[in-house]
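Chain by chain, the residues run as shown.
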Amino acid sequence: MEPAAPSPEAIRQQLARISASPEFKSTPRLREFLQFIGDEALAGRAGQIKEYSIGMSVYRKGTSYDPRLDSTVRVEAAKLRSRLDQYHERSGRHDPVRVSVPKGSYVPRFDVHPGDPEPLVVEDAASLPSIAVLPFQNLSSDAENEYFSDGLAEELTAALTRTNKMRVAPRTAAFRFKTMNANLRDLGRTLNVDRVLEGSVSKDGNRLRITVQLVDVAGSRQLWSQTYDRSLRDIFAIQEDIAREVVSLVCGSESSVLAVRRYTANAQAFEFYLRGQHLVDRWDLKAEQEALGLFEQAIAADPDYPLPYVGVAAALVCLTTMGFAAPVDLLPKANGALDRAIQLDPGSAEAHVTRATLIARHEWDWAAAEREYRLAIQLAPGLARAHHEYATELLAPNGRFEQAHAEVRRARELDPFSPAVAYGYPWILIYQRRFWESEQEFRRLLASAAVYEGERVGLALALLGQGKCRESLDEYTKVVDTDPSPAHECIHAWILALAGETGEARRRLADLEAESESRYVPPSHLASVHFALGDTDRGFEFMGRALAQKEHPLRSLKEGFDWDPIRPDPRFQALLRKLWPQM
């Protein structure tokens, strides 16, 4: 009698457990090998799992690859079988699903474990004790040391989040109160937490004075406080002490486990990393370039510190997305940084989601991107960014709208105050051509919080989809006034052309094309202006350049409304098949 077959979801969870295990921690290629054959089998393509497909997809073999002459896949498959045996004998001995790759085949086998699995305890998050880490006050004489006080609070938030015995308010939610003078009861009600951790930091050179207190919200009662007068090199011990005390007091002494993961012992590397993190999310050319330099300094100080490698990749992806650099020039460096980050920390959900987004935006290998998103979510189910980008970068551009909305809802539940997460829902509505609904949602977001550039851009496109060209132009003019990047200037010219101001659109287009001789101007955006002006041949010439440059706007070719006027053209259909070969 054949063993019972586990469900697809049980198989996906098992593959994630194996990938994050000690047996597979230092073998990124074997993890990718396993994930590839697992995903192919789950997708119903077991018959296509051959030595050649593995060599091309996992080991990046070139067109001259001949499995008869190159034994790489056969050797690696033997290693994979051995590692799986080790895993199931050690870390996975109680797992509910057993994974194997029978000799003579590359198709994985999934069986329900015949033994007694370890009991799985799933706790209701609503019943857990809860806490928010508020932004620490910067009491240093130098205001620029704010990066350190903010970074310390963020690091503690991340550390406490790894403890599954408490619910931790997202960083974006807690940091909303940075400039507010709210009383603790209102703060606790808004964040839906029982306790808050607050503090202050004074930094003078290498000397630190850190004061923290844990407060019960309902009774405004101090539960614990401590002052640390130490040197910068003691920062990791301070973080560990704070996290240990908080976990002990909130969850009980028996839960007092070490929550801080020490990625580096080099205080200088840590400081460079914090300074880079303080800048990387600003979506500003100067800030991104400065952040990139700081992350590189952190790596130089400690080459085995994984977090700055993720920062390098994130900064490079930001630069390409903003249109300041050709993606094809920066992708090798970004991929190399992520390879190193994952080699050092295979369980880094941030590294995997960054890689997934890079693949979806610039490489268009949808199956590989989906594997990375799923792995990131399995490693860190509470990471809102993973759910959000899975929805907006992969599911929606591929027309999988029901799944996209489910992921966006989950992201908003996890991080309800993040503007970057909030705008995902109306962006998906634009893909669905539900323009009026999208307009209303973007207007609500713009009225309810500090203006986020993505929301203004989204509103302009939602208006444009309804034929409200003049209103769209007014909104996008505000975007360009704030951020006159080449990409925004191109989109502005595109909307001018659609609004009937063809003379002004042509003048700006000529300026942008002249500018492209000395700096990068995204060809895909130049193509859009040409299409709007009726210069179809010239537009497709620039689309060819955009494809060669691996530009991120091309990921919207399948579902984006802005491509509808040229959709019937055979040249457009040929472009589609480049990104979606199965079409």
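Here the structure is a predicted model, which is why all the values come from computation and not from measurement.

**Quick notes on the overall build of the protein chain**
Then step 1. Of the regular secondary structure elements, the protein chain holds 26 helices and eight strands.
Then step 2. Relative to its length of 583 residues, the protein chain is compact, with a C-alpha radius of gyration of 25 Å against a globular reference of 25 Å.
Then step 3. For the protein chain, the spread of C-alpha atoms along the principal axes amounts to about 70 × 65 × 45 Å.
Then step 4. The burial tally for the protein chain puts 53% of its 583 residues in the buried class.
Then step 5. Counting only contacts in the protein chain whose residues sit at least 6 apart along the sequence, the fraction spanning at least 24 positions is 58%.

**Considerations on the pairing of strand β3 (residues 130-133)**
Then step 1. Side chains S130 and A132 project from β3 onto one buried face, and the interleaved I131 and V133 project onto a second face that is buried too.
Then step 2. In this sheet, strand β5 (residues 167-168) lies alongside β3 in parallel orientation, the contact comprising two bridges. In the sheet register, I131 faces β5, and the bridge partner there is V168.
Then step 3. Looking at chain direction, β3 and strand β6 (residues 195-204) are connected through three bridges and run parallel. Across the sheet, residue V133 finds its bridge partner in β6, namely L197.

**Thoughts on the side chain of S231**
Then step 1. Relative to the elements of secondary structure, S231 occurs in strand β8 (residues 221-231).
Then step 2. Residue class for S231 comes out buried when judged on its relative accessible area of 8%.

**Thoughts on the environment of S418**
Then step 1. Secondary-structure assignment places S418 in the loop between α16 (401-414) and α17 (419-422).
Then step 2. Classification of S418 by relative accessible area gives buried; the value is 7%.
Then step 3. Separated by 241 residues in the primary sequence, S418 and F177 have C-alpha atoms spaced 13 Å apart.

**Concerning the confidence of the model for the protein chain**
Then step 1. When pLDDT is averaged along the protein chain, the result is 86, and 93% of the positions lie at 70 or above.
Then step 2. Scored below 50 in pLDDT, residues 115-124 shows six contacts in the model against residues more than four places distant or in partner chains.
Then step 3. Taken as a whole, residues 254-259 scores under 50 in pLDDT and shows 13 contacts with residues more than four places along the chain or in a different chain.

**Here we look at the packing of helix α14 (residues 366-379) against helix α15 (residues 384-395)**
Then step 1. Put simply, α14 and α15 touch, their axes get as near as 9 Å, and they point 165 degrees apart. On the basis of the axis angle, α14 is roughly antiparallel to α15. Here α14 runs over α15; the crossing is left-handed. In this structure, α14 uses W366, A369, E370, Y373, R374, A376 and I377 to contact α15, whose residues at the interface are A386, H387, E389, Y390, E393 and L394.
Then step 2. Partitioning the contact of α14 with α15 into residue classes produces eight nonpolar, one polar and four charged.

**Overview of the nonpolar core**
Then step 1. If you look at the biggest cluster of nonpolar residues, it comprises 72 residues, and the most contacted ones within it are Y476, M543 and L557.
Then step 2. For M543, the residues in contact, after removing those within four places along its chain, are A527, F531, L554, L557, W563 and L575.
Then step 3. Core analysis: the second largest hydrophobic core is formed by 68 residues, F148, V201, F295 and L331 among them.

**Some points on the packing of aromatic side chains**
Aromatic ring pairs are described here by two measures, namely the spacing of the ring centres and the angle between the planes.
Then step 1. Evaluation of the coordinates by the stated rule reveals ten aromatic pairs.
Then step 2. Relative to W427, the ring of Y423 has its centre 6.2 Å away and its plane inclined at 70 degrees; by these criteria the two rings are edge-to-face.
Then step 3. Among the aromatic side chains, those forming a connected cluster through ring pairs are Y273, F295 and Y305.
Then step 4. Across from the ring centre of F148, 6.0 Å away, lies the NZ or CZ of K203, which sits over that ring.
Then step 5. The ring of F542 is capped by R545, whose NZ or CZ atom sits 4.5 Å from the centre of that ring.

**Side note on α15**
Then step 1. The first and last C-alpha atoms of α15 sit 15 Å apart over twelve residues, in line with the 16 Å expected at 1.5 Å per residue.
Then step 2. Burial within α15 is extensive, with eleven of its twelve residues counted as buried.
Then step 3. Those residues of α15 that sit buried are A384, A386, H387, H388, E389, Y390, A391, T392, E393, L394 and L395.

**Some remarks on the pairing of strand β1 (residues 97-100)**
Then step 1. Only one face of β1 is buried: it carries V97 and V99, and the other face, with R98 and S100, is open.
Then step 2. Of the pairings in the sheet, the one linking β1 to strand β2 (residues 109-112) comprises four bridges and is antiparallel in character. Counted as the bridge partner of S100 is R109 from β2.

**Observations regarding the environment of R555**
Then step 1. Tracing the sequence through the fold places R555 in the loop between α25 (536-549) and α26 (570-579).
Then step 2. Expressed as a C-alpha distance, the spacing of R555 and W580, which sit 25 residues apart in the sequence, is 9.8 Å.
Then step 3. Apart from residues lying up to four places away in sequence, R555 is in contact with A360, R361, W364, W366, E393, P397, L579 and W580.
Then step 4. There is a polar contact of 2.7 Å between the side chain of R555 and the side chain of E393.

**Quick look at the environment of H530**
Then step 1. Position of H530 among the secondary structure elements: in helix α24 (residues 523-532).
Then step 2. Judged by its relative accessible area of 5%, H530 falls in the buried class.
Then step 3. Sequence spacing of H530 and R443 is 87 residues, and the spatial spacing of their C-alpha atoms is 30 Å.
Then step 4. Ignoring anything within four residues of it in the chain, the contact list for H530 reads L509, E513, D535, T536, R538, G539 and F542.

**What to know about the pattern of salt bridges**
Then step 1. Applying the stated rule across the entire model yields 43 salt bridges.
Then step 2. Across the pair R355 and D339 runs a salt bridge, and its minimum N-O distance is 2.6 Å. Linking R355 in helix α13 (residues 349-363) with D339 in helix α12 (residues 327-344), this pair joins segments that are 16 residues apart in sequence.
Then step 3. The exposure class assigned to R355 is buried, which follows from its relative accessible area of 13%.
Then step 4. Here D339 falls in the partly exposed class, since its relative accessible area comes to 40%.
Then step 5. One salt bridge in this structure joins E389 and R385, with 2.9 Å as the shortest N-O distance. With a gap of four residues between them, E389 and R385 both fall in helix α15, about one helical turn apart.
Then step 6. Classification of E389 by relative accessible area gives buried; the value is 11%.
Then step 7. A relative accessible area of 25% places R385 in the partly exposed class.
Then step 8. The network of salt bridges with common partners includes E439, R443, K468 and E471.

Rules of the game
- Residues numbered from 1 in each chain as written.
- Predicted model: local features only at pLDDT ≥ 70, side-chain atom pairs only at ≥ 80, totals over all residues.
- Heavy atoms only, no water.
- Helix = DSSP H or I, 4+ residues; strand = E, 2+ residues; numbered from the N terminus.
- Rg over C-alpha atoms; globule rule 2.2 N^0.38 Å.
- Buried < 20%, exposed > 50% of the residue type's maximum accessible area, 1.4 Å probe, protein only.
- Contact = heavy atoms within 4.5 Å.
- Pairing = 2+ DSSP bridges.
- pLDDT = per-residue confidence, 0-100.
- Axes fitted to C-alpha atoms, helices over the stretch in contact; angles between N-to-C directions.
- Parallel < 35°, antiparallel > 145°, perpendicular 65-115°, else oblique.
- Left-handed = near helix turned anticlockwise from the far one by under 90°.
- Nonpolar A, V, L, I, M, F, W, Y, C, P; charged D, E, K, R; others polar.
- Core = buried A, V, L, I, M, F, W, Y, C linked by side-chain atoms within 4.5 Å.
- Phe/Tyr/Trp six-rings, centres within 6.5 Å; stacked < 30°, edge-to-face > 60°.
- Lys NZ or Arg CZ within 6 Å of the ring centre and 35° of its normal.
- Expected span 1.5 Å × (residues − 1).
- Polar contact = N/O pair within 3.5 Å; in protein donor to acceptor, adjacent residues only side chain to side chain.
- Salt bridge = Lys/Arg side-chain N within 4 Å of Asp/Glu carboxyl O.

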